[in-house]
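Spelled out, the chains give:
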Amino acid sequence: MTALDELEIRVWRGAADGHYQVFRAPRRANQTVLDVVSWIQREADPSLSYRFACRVGVCGSCAMTVNGKPRWTCRTHITKVAKDGRLTIAPLRNLPVIRDLACDMAPFFEKWRRARGRFEAAISRDDPLVPISPDSLERRAADAAVECINCAVCHAACDVVGWRPDYLGPAALNRAWVAWNDLRDRDRSAVLRAANAGAGCGNCHSHQSCAEHCPVEINPTRSIAGLKRAGLLALLRGSL
Amino acid sequence: MSVRLFLAQRLTALILAPLVLVHLGVIIYAVRSGLSAEEILGRTRGSLGWALFYGGFAVAVAAHGAIGLRTVILEWGGLRPGLATAVAWAAALILLALGLRGVWAVTAGGGL
Ligand code: SF4
Ligand code: SF4
Ligand code: FES
C-alpha cells in the first residue's frame, strides 16, 4: 500500500529493451500525470526523457501510456487514473522508443504524408476566395475531424497498426478525410487514391479503439468509413 | 487492402449470405427426411440448378476465404504483401479445385 500523501510510480527507462524504475512522489491536489513526470525529472532523476510543450491540451506532444492506456498526460488528472496511488507510465505504443517516455514521431508523420493528409491549394493568393457554405456536407464532415492535435494517442490505441506497422492508421486517415472534404484542394482524387492504397483505409476493422481514446473526441473510425465509402463509389464510377 | 479486394470481399459476402442459409436448409431437410446418399444423388445428378447453386457457392467461398486469409496473414503472420497475395492465390485455387470437384461429383455424376 502507498501512503495517502504519496504516489508510487513505475516509469519506463531506456529504449525498447528497457525496464521499469520505481519512483515515489508527493501526492497533491489538482495534479496531472505530466506534473508527476515533471516532478520526477526535477526532483528525483534529471536524466528522465519525456516530451511536452503547452501543458494545456493543445500541442499534442505529451502523450504516454498511463496504466496501460494511451492518454494526453497534461490533461489527465491523477485522481482519474490512480485512485490507489499507483501509476505505471510507459512510452506510446506502436512507435519506436527513443529513450524513456519519448517516442520517435517520424513514422507517425510519415504516414500523414503517405495518406496525402495535407492541403494543396487549387488557386493562388491573388485569385478571389472560393466561398464554401458552413452548411455544406463536405464542410460539416471536415469540421468534425479537423481539430486533431497530432498526439498519436489513436495510433497507439489501434491494434491493426500494432499488427501491420505500415497501416496508415487512424490519425493520418482522419486527416486525409479532412483533405478529401476540402473543396479548395487542387487534386482531391489524389487524396482518395492515397488513402485507399494497399496499406490504407481498407485495413480498418472499425472497432473504434481510436475513437474511444482520442482526447479531443474525434471519431477517426467514422472518417475512415467515409473514405471507404468514397473510395468504393469512385471505383464504381471509374474515377479512382 | 485495395479498394478492389475490399469490394470483392463485400460482394462475395453478400452472395454467400443467402447461399449459406439455403445450404443449411438443404442439410436440415435432407437429414430430417432421412434421405439416403442415393436419394440425394438422384436429385442432384443432372440438375443444372444445383450445379449452378453449388458452383457459385464454391467460387464465392474461394474468393471470400482467400481475401480474408490474406488479411489474417498480413496482420498476424507479418508477411510482405506480395508474399501474402501469393499464399492467398494458392489457397483460392485449392479451395476452388476442391469445391468444384465436389460439385462435379454430385451433379455431373462422374465417378470422381
Ligand atoms: S477503428 Fe480502425 S483505425 Fe480505429 S483503432 Fe480500430 S482498426 Fe484502428
Ligand atoms: S485523432 Fe485524436 S487521438 Fe488521433 S492524433 Fe488526432 S487528436 Fe490525437
Ligand atoms: S503538453 Fe501540449 S497537449 Fe499536453
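Refer to the structure presented above.
Residues numbered from 1 in each chain as written. Chains lettered and ligands numbered in written order. Predicted model: local features only at pLDDT ≥ 70, side-chain atom pairs only at ≥ 80, totals over all residues. Heavy atoms only, no water.

Q: Quick question: what am I supposed to make of the site of ligand 1 here?
A: Residue and element names in this part refer to chain A. Taken together, 13 residues sit near ligand 1, with Cys158, Cys204, His207, Gln208 and Cys210 positioned nearest. Structurally, ligand 1 is housed in the second largest cavity. Of all the secondary-structure elements, those providing two or more residues to the shell around ligand 1 are helix 9 (209-213) and helix 10 (220-237). (Near = heavy atom within 4 Å. 1 Å grid on protein atoms, 1.4 Å probe; cavity = no way out; pocket = protein on both sides within 12 Å on 5 of 7 lines; lining within 4 Å. Sits in = over half its atoms within 2 Å of the grid points. Helix = DSSP H or I, 4+ residues; strand = E, 2+ residues; numbered from the N terminus.)

Q: Looking at this structure, I do not really get the site of ligand 2. What am I missing?
A: Residues and elements named next belong to chain A. Within the structure, ligand 2 sits among Cys148, Ile149, Asn150, Cys151, Ala152, Val153, Cys154, Ala171, Cys214, Pro215 and Val216. Its atoms largely coinciding with the cavity grid, ligand 2 occupies the largest cavity. In terms of residue class, the shell around ligand 2 is made up of ten nonpolar, one polar and no charged. (Nonpolar A, V, L, I, M, F, W, Y, C, P; charged D, E, K, R; others polar.)

Q: Would you take a moment to explain unusual backbone geometry for this structure?
A: What you tend to see is this: most non-glycine residues have negative phi, and most peptide bonds are trans. In this structure, Arg55(A) is a non-glycine residue whose phi angle is positive, near 65°. Counting through the fold element by element, Arg55(A) comes out in the loop between helix 1 (33-44) and strand 3 (63-66).

Q: Could you clarify how one ought to interpret empty space enclosed by the protein in this entry?
A: The gaps of empty space that remain are located by a probe, the size of a water molecule, rolled over the atoms. Residue and element names in this part refer to chain A. Counted under the stated rule, the structure contains four cavities of 30 Å³ or more. In this structure, the largest cavity spans a volume of roughly 100 Å³. Its residues assigned to classes, the lining of the largest cavity shows eleven nonpolar, two polar and no charged. Volume-wise, the second largest cavity comes out at about 60 Å³. Together, Cys158, Tyr167, Pro170, Cys204, His205, Ser206, His207, Gln208, Cys210, Thr221 and Ile224 line the second largest cavity. (Points joined across faces, edges and corners; volume = space filled by probe spheres on them.)

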